[in-house]
Amino acid sequence: RLEKGDMYSVLPEDRSETLGEELQRCWNEEVKKASKELWKPQLSRVLIKCYGKSYALAGLFEFFLEAIKVIQPLLLGKIILFFENYHPDDQRSLCMAYVYAAAMSISTFGLTILQHLYYYHVQRTGMRIRVAMCHMIYRKALGLSTESIGRTTTGQIVNLLSNDVNHFDEITLRLHYLWAGPLQAMVIIVFLWYEIGPSCLAGVATIAVMMPIQTWFGKLFGIFRSKTAVLTDSRIRIMNEVVSGIRIIKMYVWEKWFSALVTEVRKKEISRILKSSYLRGLNMASFFASSKLIIFVTFTVYTLLGNTMTASQVFVTMSLYGTIKVTLTLFFPLAIEKLSETVVSIRRIKVINFWWHGSPPFGGSPRVLVLWGLWISGAWISSIPASYPGGRGYGSPHSLSSLLSAILGELPRDTGTLKVKGQLTYASQQPWVFPGTIRSNILFGRELNPKKYEQVLRACALKKDLEMFPDGDLTLIGDRGATLSGGQKARVNLARAVYEDADIYLLDDPLSAVDAEVGKHLFDKCICGLLKNKCRILVTHQLRHLREVDQILVLKEVCTPAKENCLKEACLLLLNHLCSEITNSKTMFKYKDVLGSFLVLQVEAIQTIAEETRAEGNVSSHIYFTYFTAGCSLLVLMVIVFLSILAEVSHRPLMVPLASEWRFLMQLSIMLYYLVEYPAVNQIPNYFFNIVLLCLLLGLTAAAVVFGFARSLVIFHGLVRSAQTLHNSMFSAVLHTPVSFFDVNPIGRILNRFSKDVSQMDSVLPITFVDFYQLFLQNVGVIAVAASVIPLILIPVVPLLLIFLYLRSLYLRTSRDIKRLESTTRSPVLSHLSSSLNGLSTIRASRSEEKLKKDFDAHQDLHSEAWFLFLMTSRWFALRLDSICSIFITLTAFGLILLRDGLVAGEVGLVLTYAVTLMGNFQWTVRQSAEVENMMTSVERVVEYTELKNEGPWETQQHPPSDWLSQGMITFDRVNFFYDTDGPPVLKEISATFHAKEKVGIVGRTGAWKSSLVSAIFRLAEPQGKIYIDGVVTSEIGLHDLRQKMSIIPQDPVLFTDSVRKNLDPFNQHTDEDLWKALEEVQLKSVVEELPGKLEAVLAESGSNFSVGQRQLVCLARAILRKNRILIIDEATANVDPRTDELIQKTIRDKFKECTVITIAHRLNTIIDSDRIFVLESGTIQEFDHPFTLLQNKEGALYRMVQQMGQAESASLLESARQVKVLKVCGQ
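Just so you know, these numbers come straight off a predicted model, no measurement behind them. (Residues numbered from 1 in each chain as written. Predicted model: local features only at pLDDT ≥ 70, side-chain atom pairs only at ≥ 80, totals over all residues. Heavy atoms only, no water.)

**Student:** Just checking my understanding: could you explain the overall build of the protein chain for this structure?
**Tutor:** Across its full length, the protein chain holds 39 helices and 19 strands. For the protein chain, the residues scored as buried account for 60% of the 1228 residues in total. Contacts spanning at least 24 positions in sequence make up 84% of the contacts within the protein chain whose residues lie at least 6 apart. Of the roughly 48500 Å² of accessible surface on the protein chain, 60% is carried by carbon and sulfur atoms. (Helix = DSSP H or I, 4+ residues; strand = E, 2+ residues; numbered from the N terminus. Buried < 20%, exposed > 50% of the residue type's maximum accessible area, 1.4 Å probe, protein only. Contact = heavy atoms within 4.5 Å. Areas by Shrake-Rupley, 256 points an atom, 1.4 Å probe, with all protein chains shown as cover.)

**Student:** Which parts of the structure should I look at to understand the sheet that holds strand β10 (residues 970-977)?
**Tutor:** For sheets, the rule is that strands pair by backbone hydrogen bonds, running either parallel or antiparallel. Taken in spatial order, the four strands line up as β11-β10-β13-β14 in an open sheet, and their pairing is antiparallel. If you trace the sheet from one side to the other, it starts and ends with β11 (987-994) and β14 (1032-1033), each paired once. Pairing of β10 with strand β13 (residues 1024-1029) involves five bridges; the strand directions are antiparallel. Paired with I970 across the two strands is I1029, which belongs to β13. Packing of helix α29 (residues 1010-1017) onto the sheet brings it into contact with β10, β11 and β13, and relative to β10 it is tilted by some 110°. (Pairing = 2+ DSSP bridges. Axes fitted to C-alpha atoms, helices over the stretch in contact; angles between N-to-C directions.)

**Student:** Which parts of the structure should I look at to understand the side chain of N976?
**Tutor:** Inspection of the secondary structure assignment puts N976 in strand β10. Within the structure, N976 has its side chain in polar contact with the backbone nitrogen of E989 (distance 2.9 Å). If sequence neighbours within four positions are ignored, N976 has contacts with L987, K988, E989, P1023 and Q1024. (Polar contact = N/O pair within 3.5 Å; in protein donor to acceptor, adjacent residues only side chain to side chain.)

**Student:** Just to check I follow, could you spell out the packing of aromatic side chains for this structure?
**Tutor:** Working definition: an aromatic ring pair is given by the centre-to-centre distance plus the angle between the planes. Under the defined criterion, the tally for this structure stands at 31 aromatic pairs. Relative to F83, the ring of F82 has its centre 5.2 Å away and its plane inclined at 80°; by these criteria the two rings are edge-to-face. The exposure class of F82 is buried, given its relative accessible area of 7%. Taken together, the aromatic side chains of Y624, Y627, F628, F769, F772, Y773 and F776 make up a single cluster linked through ring pairs. Taking the ring centre of F870 as reference, the NZ or CZ of K819 above it sits at 4.9 Å. (Phe/Tyr/Trp six-rings, centres within 6.5 Å; stacked < 30°, edge-to-face > 60°. Lys NZ or Arg CZ within 6 Å of the ring centre and 35° of its normal.)

**Student:** Mind showing me how you'd approach the pairing of β13 here?
**Tutor:** Regular strands place their side chains on alternate faces of the sheet. As judged from the two bridges shared by β13 and β14, these two strands associate in the antiparallel manner. Its bridge partner lying in β14, I1029 is registered against V1032. Counted between consecutive antiparallel strands, the loop separating β13 from β14 contains two residues, among which D1030 sits at a positive phi close to 50°.

**Student:** Even after reading the chapter, I still don't get the sheet that holds strand β16 (residues 1126-1130), so can you show me in this structure?
**Tutor:** Strand order in the open sheet made by the six strands is β15-β16-β17-β12-β18-β19, with mixed pairing throughout. Two strands in the sheet have a free side with no partner beyond their single neighbour: β15 (1046-1049) and β19 (1180-1185). Each neighbouring strand pair of the sheet contributes to a mean axis angle of 15°, computed without reference to strand direction.

**Student:** So what exactly am I meant to see when it comes to the side chain of E30 here?
**Tutor:** Secondary-structure assignment places E30 in helix α1 (residues 16-37). A residue is classified by how much of its surface remains accessible, and E30, at 7% relative accessible area, is buried. Within the structure, the side chain of E30 is placed 3.1 Å from the backbone nitrogen of Q42, a separation counted as a polar contact. When sequence neighbours within four positions are dropped, the list of residues in contact with E30 reads W39, P41, Q42, R45 and V46.

**Student:** Can you help me understand the pattern of salt bridges in this one?
**Tutor:** For side chains bearing opposite charge, pairing can occur when the charged atoms are close. Summed over the entire model, instances satisfying the criterion amount to 45 salt bridges. Note that R15 is salt-bridged to D861, the shortest N-O span being 3.8 Å. Highlighted residues: R15 in the segment before α1 and D861 in helix α27 (residues 849-898), separated in sequence by 846 residues. You can call D861 buried: its relative accessible area is 11%. Where salt bridges share partners, they join E13, D14, R124 and R128 into one cluster. (Salt bridge = Lys/Arg side-chain N within 4 Å of Asp/Glu carboxyl O.)

**Student:** Teacher, can you tell me more about unusual backbone geometry here?
**Tutor:** Glycine aside, the phi torsion of most residues is negative, and most peptide linkages are trans. Positive phi, normally seen in glycine, also occurs at R974, with a value near 50°. Note on placement: R974 falls in strand β10. By relative accessible area, which is 52% here, R974 ends up exposed. Phi is positive for K1123, which is not a glycine, with a value near 55°. One can find K1123 in the loop between α34 (1108-1122) and β16.

**Student:** Before we go on, may I ask you to explain a nonpolar patch on the surface in this structure?
**Tutor:** Among the surface-exposed residues, L57, L60, F63, F64, W179, L183, M186 and V187 lie close enough to one another that they form a single nonpolar patch of about 740 Å² accessible area. Contributing elements (two or more residues each) for the nonpolar patch: α2 (43-84) and α7 (177-196). With respect to the secondary-structure elements, M186 resides in helix α7. (Patch = residues over 30% accessible without salt bridge, like charges linked within 9 Å, V, L, I, M, F, W, Y side chains within 5 Å.)

**Student:** I tried to follow the environment of D1185 on my own but got confused; where do I start?
**Tutor:** Following the sequence through the fold, D1185 ends up in strand β19. Judged by relative accessible area, D1185 falls into the partly exposed class, the value being 32%. Here the alpha-carbon distance between D1185 and R1172, two residues 13 residues apart in the chain, equals 5.0 Å.

**Student:** Mind showing me how you'd approach the packing of α1 against α2 here?
**Tutor:** Two quantities define a packed helix pair, namely the angle between the axes and the distance from one axis to the other. Packing of α1 against α2 brings their axes to within 9 Å, and their N-to-C directions diverge by 125°. When the axis of α1 is compared with that of α2, the two are oblique. Classified by chirality, the crossing of α2 by α1 is right-handed. Of the residues in α2, those touching α1 at L19, E22, L23, C26, W27, E29 and E30 are L43, R45, V46, L47, K49, C50 and Y51. Of the residues assigned to the contact of α1 with α2, the class counts are nine nonpolar, no polar and five charged. (Parallel < 35°, antiparallel > 145°, perpendicular 65-115°, else oblique. Left-handed = near helix turned anticlockwise from the far one by under 90°. Nonpolar A, V, L, I, M, F, W, Y, C, P; charged D, E, K, R; others polar.)

**Student:** Is there a simple way to think about the packing of helix α16 (residues 486-499) against helix α17 (residues 516-530) in this case?
**Tutor:** Contact geometry for α16 and α17: axes closest at 12 Å, N-to-C directions at 5°. For the element pair α16 / α17, the angle class is roughly parallel. Taken together, the residues of α17 that come into contact with α16 (itself represented by R491, L494 and V498) are V518, L522, C526 and L530. When its residues are assigned to classes, the contact of α16 with α17 shows six nonpolar, no polar and one charged.

**Student:** Which parts of the structure should I look at to understand the environment of R130?
**Tutor:** By the element assignment, R130 lies in helix α3 (residues 91-142). For the pair R130 and S16, spaced 114 residues apart in the sequence, the C-alpha separation amounts to 9.6 Å. Discounting residues that sit within four places of it in the chain, R130 has contacts with V165, N166, F168, D169, H863 and W867.

**Student:** Mind showing me how you'd approach the pairing of strand β18 (residues 1172-1177) here?
**Tutor:** In terms of burial, β18 is largely enclosed, as five of its six residues are buried. Bridge analysis of strand β12 (residues 999-1004) against β18 gives five bridges, and the strand direction is parallel. If you follow G1004 over to β18, its bridge partner there is L1176. In terms of strand pairing, β18 meets β19 through five bridges, oriented antiparallel. Within β19, the residue paired with I1173 across the bridge is D1185. Between β18 and β19, which pair antiparallel and follow one another directly, the connecting turn spans two residues, one of which, S1178, has a positive phi of 55°.

**Student:** Help me understand α29 in this model?
**Tutor:** An α-helix turns once per 3.6 residues; consequently, residues spaced three or four apart project the same way. Along α29, seven of the eight residues are buried, which leaves the element largely enclosed by surrounding structure. Taken residue by residue, α29 has K1010, S1012, L1013, V1014, S1015, A1016 and I1017 as its buried positions.

**Student:** Can you help me understand the confidence of the model for the protein chain in this one?
**Tutor:** Note: predicted coordinates in regions of low pLDDT should not be interpreted at a detailed level. Confidence in the prediction for the protein chain averages 76 pLDDT; 81% of positions are at 70 or higher. Between the elements of the protein chain, mean pLDDT differs from a low of 29, seen in strand β9 (residues 590-591), to a high of 89, seen in α3. Every residue in residues 356-399 is under pLDDT 50, and counting partners more than four places away or in other chains gives 141 contacts. Confidence drops under a pLDDT of 50 for residues 653-685, and excluding neighbours within four residues, the segment shows 63 contacts in the predicted structure. (pLDDT = per-residue confidence, 0-100.)

**Student:** I keep staring at the environment of L637 and nothing clicks. Help me out?
**Tutor:** Relative to the helices and strands, L637 resides in helix α20 (residues 634-651). Put simply, L637 and V714 are 77 residues apart on the chain and 9.3 Å apart in space, counted from C-alpha to C-alpha. If we ignore the near neighbours within four places in the chain, the residues touching L637 are F628, T629 and C632.

Written as C-alpha cells, this is what we have:
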C-alpha cells in the first residue's frame, strides 16, 4: 500500500504558489488594461497569454501525429500493390517493398513516441491551469466582501474547486483537434480523390452530414452543463448545510425534509445529466456505426459509376476513411463538447474574479453609522446599532458587532473616515476553529514562544481543560470544533487573538459562552491582566464588568427612549467620563495596514485529523455488482448484452458467405456491376441472389446503426441511474449515521464524496465504460473475422493478450493505490476552503491570508504529487502497450514480405489492416479497462459511505402510546454517556428525576459536559443506563418517535438557505396565521414583514443576514410552533444582548408554563428562578436542589459561582431565589 511519503515532490515550476501567482499577475494586467481601454477583462485571454506558447508547442506534436496517420494508409497501399503486381524476378519492387515496410515500422514507432510526448505536455498543461485556477479562486474567496458572501454559497465555491476546474484537464487533451481535424480531412480528401476519384465525395458527404449534427450536440453539451452546474451548486450547498447542522437536523427530526430536498435537486440534476449522456451515447454509437455506413455508400457509388475495385484501393480507402472517421466523428465533436463545458466553467469562475476584495462602495444606501476621526486609547465597551446598507443585508438594527466589523473593514462604507493606528487582532463572537490541534489553532502559524504560550493558556483558563485531554494541547479537534464545548471553543478563539502581539484587540463578546467563574478569570487575568498595556475594545452584555473599564462608548440606538436612558444612567453611575460621537452620515474607513510576520509552526506541534480510510488491493467484485445492479435489474442487463450481440453481428455479417471485409466489398462490386450492366438476365437465379444480398447488406448496415444507438442509450441510462441510486443511498446512510461520524470527519472529506466522486460516476465513468465495452466487442468481432480468413493470426494474438494482461495487472497494482491517494489528498483542499470561508473575518483581521494561502498551496501540491504520478503511470503503461504493438506491426509487415510466395494481395491487406486496427484497438481496450478499474475507486468510496454504521432506527415496531409525553417527566437511572466507545465516559452515573412541568436549570463550569446531557436525552449517541420519559425507556422506541416529542433551542442557532416559512415549518404543518403569531410572540413579525417576499424571503447561507439574536428568536419560534411538553434550552442566550435574553425568558415563562423546561445557562440570572438547579462538574452531579436551598450552603458549588458575580449581583441573585422560594411555598 502506497502512502503519501512514497510520492515524489511536485516539480518547482508546477507548485501551486508559482502557478497561481503567475496567473494572478496576468489577470491583474488584463484588468488594468481593460479598465484603460474600456472593455471587459476576459479570463480566456489571460489563460492564452499564460499557457498559449507551451500549449502551441504541443500542437506541433499533434501536427506530426496526424501527418503520420495520413501517411500510414499510403504505405499500406504500396505494400499491397507490391503483392497485386508480384513477380518473383522483380528485385526492384522487392527492395521498394522492404523500404515501404521499414517506413511503416518507423512511422509506427514515431507515432508511439510523438503521441506520448503530446499527451504528457497537454495533460501537464491542463493540470497547471487547474492548479493555478484553484489558487486564484481561493485567493478571491479569502477576499470576499460581506456583500459578496451574501451572493454566493460555500457549495458553489466548493463545486468550482471540485468540478468546474476539472474541465481544464479535459479540454487541453482535445482542443487541438479543432484545427487538426479539418486540416487532416482536407488532405485525406485529396488522397481519396487520387485513389478512387469523385466517388470519395459520397463518403465525405456522409461525414459532412454527421459533423453539423455532432457539432450541434457539442453546443447542447454546453447548455446542459451550465444548467447542471447550477443544480450541482445547489446540491453541494444543501449538503454543506446538512453536514454543518447535522445535530440540529437530527434533534428537529428534519432528516426526511432534507432527504426530499436533496432528492428533488438530484432528480433535476440527473435529468440534465441523462440528456447529456444520451447525446454522448448517440455520438459514440454514430462513431462506431459510421465506418460501415461510409464504406458502404462510397463503394456502392464507386461501382455504380462503372469502376472496378482492387485490393489496394479497398484497404487504402478503408484506412484513410478510418483516420478521418476517428478525427472528425469522435475527437472533433468531443473537442466542441469539452470547449462548450469549459466556456461555462470559465464564465462561472470569472464571476468570482469580479467580486471585490473587501467591501465595495455603495450609493443610495439607507442610514449608516458614522464615525469621524475617532482615536482610541484604553479599553472600550460598546453597544451600537447595526449598519447594513443596501444589498441583501436585512438584519436587525441592534447588532453589537457592527462597529468591530466596520473597524475591520468588513461592512460596506461610503463616506466619513475612521483611522486606526496600529496592528489589529480580532476574537469573533461566534468562535472559529479549524481541524487540527488545539496548539495549532492558538498559534495559527506563528512561532511557538513557550513562556508566552503558557501565559496565554493560563490567562484564557485553558490549563484545566487541557489536563483533561489525553494529548493536552496536541489533542485533535474536529471540523468546526465539534469535539469541544462552546466555552472551550470561545477560549481557544480568544487565546488565538491574545497570543498575537497586536496594538489593538477587538474582542467581540468572548465572555458570553463561559460561566461566571471563568468569565471573571478571563476578564481579570486576560483582558485586564495580560493585555493591560494594550488597547482593548470589548463588546459585552455583562454590565458587571463596566466598573473596571477605562471608557464606555454609548451610541444612540434606534430603540425606545426608556431603554436608552436606562443604559445611560447605568453607565454614568459607573464611569469617570463618557465618550460618544454620533452623526447621521455615512462612513468611509481608512486604516493603516500594518503587515505582520508569521513564522512556521514548529514541526513537533503539527498534527492533522486522522487520515481518511482507503481500500487496498483490487476493486472487489461486490463493488462492480453493486454498481451495475443499482440502476437496472438483471433482466435489463441481459437486454443490454443481447443488444450488444445484435449490434456486433450486424457489424460483422458472418451469416453471409463472405470471408472478410475486402471480399465483402469485392462481392458487392461484382453484384452491383451485374445489376446495372445486365438487367436482361433477370431470369438467371443469380440475379435474385444479388438482389437479396444487396437488401440483406443494406438491412445489416441499418441494423448496425439502430442496435448500436439502442445499446449505447440503454447502457448510459443504466449507468447514470446507478449513479443516482448510489448517491441517494449514500445520502440516506449519512443521515442515518451517528453524529460522532461528523466529529471525526472534516466537512471537506464528506463533500469530496458528494462532489468529485459523484461527478466521476455521473459523467466520466459511464463514457469510459461504454468506450471499453464497445471496443471489447469490436475486438472480439475483428479477431473472429480475421481468424475465419487466416486462423494462424491467433498464434501471435494469444501471447500478446497474455503480455497485455500481465502489464495491466502490474500497472493496476500501482495506479489503483495512486488513484485512491489522489482522492484522499483532494479532501484536505476542500476542507481547508470550507474552514477558511467560515473564518474570513478572523483571518483577515490577523492578516493571515498569506499563511492560509501557503497552507492551501501545500494541500494542492500534495494533490498534484498524486495526480502527476497517476498521469505518469498511465503514460508508462500506454507507452509499453504501444511499443509492443509497434513491434508486432513491424514483424507483421516484414514477415509478409519474407513469406510472400503464395500470398494474395487481399489477404495481405487484411492482415496488415487488422494488425494496425487490432493492435491499436487492443491496447486502447486494455488501457480503458484499467481506467474503468481506476474510476471504480470513486464508486468504491461512495459504496463505502452507503455502508456507514447506522444510529438507532428512526421508527420501530414498538411505538409509544398515543397519549405519551403528556406530562414531561424525565428520569435518569445510572446513566453513563460516551462520545467515543473507546474513551472515558463524559457523563458518569447520572441519576436524577425532572418532574412534570418543572423548570430545571443546569449549570457548571465551562467544559463540565452540560450539553452532553442534551445529547443523552436526544440519543445523539446511545447512553448506558436508562432514561425514562413519562415512564417509557427512550432506548426502546424509535429515534423519531422520541425526538419529535421534544423541542430544543440550541446553543448555536442554525438557519438554512431557504424561505423563512421553510425554516420555521419545513413540513407545512401550520397555517400562515400560526407562523405570523409565533413570529409576533418573539417580536420578529415586523422584521419579517420588511423582507422582500415576507415568509417566502430566502435567507442567506447559515442565515447570515440575521443577527445571532434574531436566529435564536427564530429557534424560539420553532419551539412555540411544535407545542411539545419538553423544552430544552442549551445556552441559547449566551450570545444575545440582555434585551433579547429578557424577551426569550419572558416568552418561555408565558408560552411554556405547562411544560418541563430544562435550561443550560452560564447567566445565572436566567435560571435563578428555576424550580431546581442541577450543578454538573466533570460529568458528575455536584448538587441538585432549589436555588435558595443551594445558596444557603456556603461550601456548595452554586454558592461559589454566584459569589464570582460580584457583591451586588450575588445579593440580587440571592434575593431572587428567596422570592421564588416564597412564591412557591405560598402557591402550595
